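Descriptive structure summary
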Amino acid sequence: MRQTQPSLDLLIALDVLLDEGSVSGAARRLHLSEPAMSRTLGRIRVAMDDPILVRSGQRMVPTPRALAVRAEVRAVVEAARRVFTPPGEPDPATLVRDFVVQASDAVIQAAAAPLLTELAVSAPGVRLRFIPEGPGDQRVLREGLADLEVTVITDPEPETLVEPLVRDRPVGVVRAGHPLLDGPITPERFAAAEHVIASRRGRTRGPIDDALAALGLSRRVRGTVPTFTASLLLARETDLVGMAGEWQVRSAVELLGLVTFPIPVDLPPIELSQAWHPRHDADPAHAWLRARMRAVFSPPG
């Protein structure tokens, strides 16, 4: 039997197949018919001597071999793209690219709308896919599962490049008419209120609790929720007190009819940053994306 020789076309197809997890999705991305994409998958299977994608119920899942080579395949494809991409600023109007941005729930809430609105006009060939933070966050850039990370970055991988975007001020968030708003919000009244914490890891303590403890106070944490948005919805419907960055929450406050107030203890600022792997640093299209993200977080004027 004639052996299928590896080629750049097969690597690109493999990268897209693993990204989409389906033959039909990969066919759309590569502008091929589904039968042609199925034949390409067959050639990949022969070349790698592995099924690569196998059916599990209504979807297809990657094999251990596919998972093992995924990051390497992505790196090779991106390196090849750089070889064939002329240096210089890309033309957004003709740029065709998918970017995966891993971001905190608060960042997605604040940045997705302005970014997607801008790209729909200036870069119609660019697609942004926002994915949430989760276990193994530090590996997503190294393994090529995300092109950009935007969040509070405290312990990046040694090779990761990090650019601060904005320093935000923590504020309290409550519903309009909340009893806490009936008088001066002192540390004692703030601590006595019932609080909800947005923590994807379910943490019930943070810098606020350390600052209150220094005053001999402790707050009453009624519960935690995994997302920023869920904490705002709870604050709107209950007497629970939430917390968010002032910049991040400004659009949601108007939408949900919430009220913010200064937290009556000294707290460190919330520093949002964007991070990327060095393999993207010289990529003009990626630099363009970083500039767009930077513009979203820049103060007006």
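Refer to the structure presented above.
These numbers were taken from a predicted model, which means no experiment stands behind them.

1. Regarding the nonpolar core
V101, L128, V150, W288, M293 and F297 are the most contacted members of the largest nonpolar core, which totals 27 residues. Taken together, the elements giving at least two residues each to this core come down to β3 (97-103), α5 (105-122), β4 (126-132), β5 (148-151), β6 (161-168), β12 (270-276) and α11 (284-297). Those residues in contact with W288 that sit more than four places away from it in its chain are E89, P90, P92, L95, F99, L119, A123 and V126.

2. Section: the side chain of R219
Along the polypeptide, R219 turns up in the loop between α8 (207-213) and β9 (220-225). Looking at R219, its side chain comes within polar contact range of the side chain of D209, at 2.8 Å. Look past the residues within four positions of R219 in its chain and what remains in contact with it is A191, H195, I197, G206, I208, D209 and L212.

3. Regarding the sheet that holds β12
Pairing is mixed across the open sheet formed by five strands, whose spatial order is β4-β3-β5-β12-β6. If you trace the sheet from one side to the other, it starts and ends with β4 and β6, each paired once. Strand after strand, the sheet turns through a mean of 20° between neighbouring axes, direction not considered. With three bridges connecting them, β5 and β12 associate as antiparallel partners. Directly across from E149, in β12, lies its bridge partner A275.

4. Structural notes on the side chain of D15
By secondary structure assignment, the location of D15 is in helix α1 (residues 8-20). Setting aside chain neighbours within four positions, we find D15 in contact with V73, R74 and V77.

5. Concerning a nonpolar patch on the surface
Residues L8, V83 and F84 make up a contiguous nonpolar surface patch of roughly 340 Å² in combined accessible area. In this fold, F84 is placed in the loop between α4 (64-83) and β3.

6. Looking at the pairing of β4
When β3 meets β4, the two strands line up parallel, connected through seven bridges. Along β4, the bridge assignment pairs V100 with R129. Crossover handedness for the path β3 to α5 to β4: right-handed.

7. Here we look at the sheet that holds strand β10 (residues 242-245)
The strand order across the open sheet built from three strands is β10-β7-β11, with neighbouring strands paired in antiparallel fashion. Of all strands in the sheet, those bounded by a partner on one side alone are β10 and β11 (258-262). With direction set aside, neighbouring strand axes in the sheet form an average angle of 40°. Strand direction decides the pairing type here: strand β7 (residues 170-175) and β10, joined by four bridges, are antiparallel. Within the sheet, the bridge partner assigned to G172 lies in β10 and is M243. Here helix α9 (residues 228-237) sits on the sheet and contacts β7, β10 and β11; the angle it forms with β7, its principal contact strand, is near 45°. Lying over the sheet, helix α10 (residues 246-256) contacts β7, β10 and β11, oriented at roughly 120° with respect to β10.

Reading the values: rules and limits
- Residues numbered from 1 in each chain as written.
- Predicted model: local features only at pLDDT ≥ 70, side-chain atom pairs only at ≥ 80, totals over all residues.
- Heavy atoms only, no water.
- Core = buried A, V, L, I, M, F, W, Y, C linked by side-chain atoms within 4.5 Å.
- Buried < 20%, exposed > 50% of the residue type's maximum accessible area, 1.4 Å probe, protein only.
- Helix = DSSP H or I, 4+ residues; strand = E, 2+ residues; numbered from the N terminus.
- Contact = heavy atoms within 4.5 Å.
- Polar contact = N/O pair within 3.5 Å; in protein donor to acceptor, adjacent residues only side chain to side chain.
- Pairing = 2+ DSSP bridges.
- Axes fitted to C-alpha atoms, helices over the stretch in contact; angles between N-to-C directions.
- Patch = residues over 30% accessible without salt bridge, like charges linked within 9 Å, V, L, I, M, F, W, Y side chains within 5 Å.
- Areas by Shrake-Rupley, 256 points an atom, 1.4 Å probe, with all protein chains shown as cover.
- Salt bridge = Lys/Arg side-chain N within 4 Å of Asp/Glu carboxyl O.
- Right-handed = clockwise from strand over helix to strand, strands pointing away.

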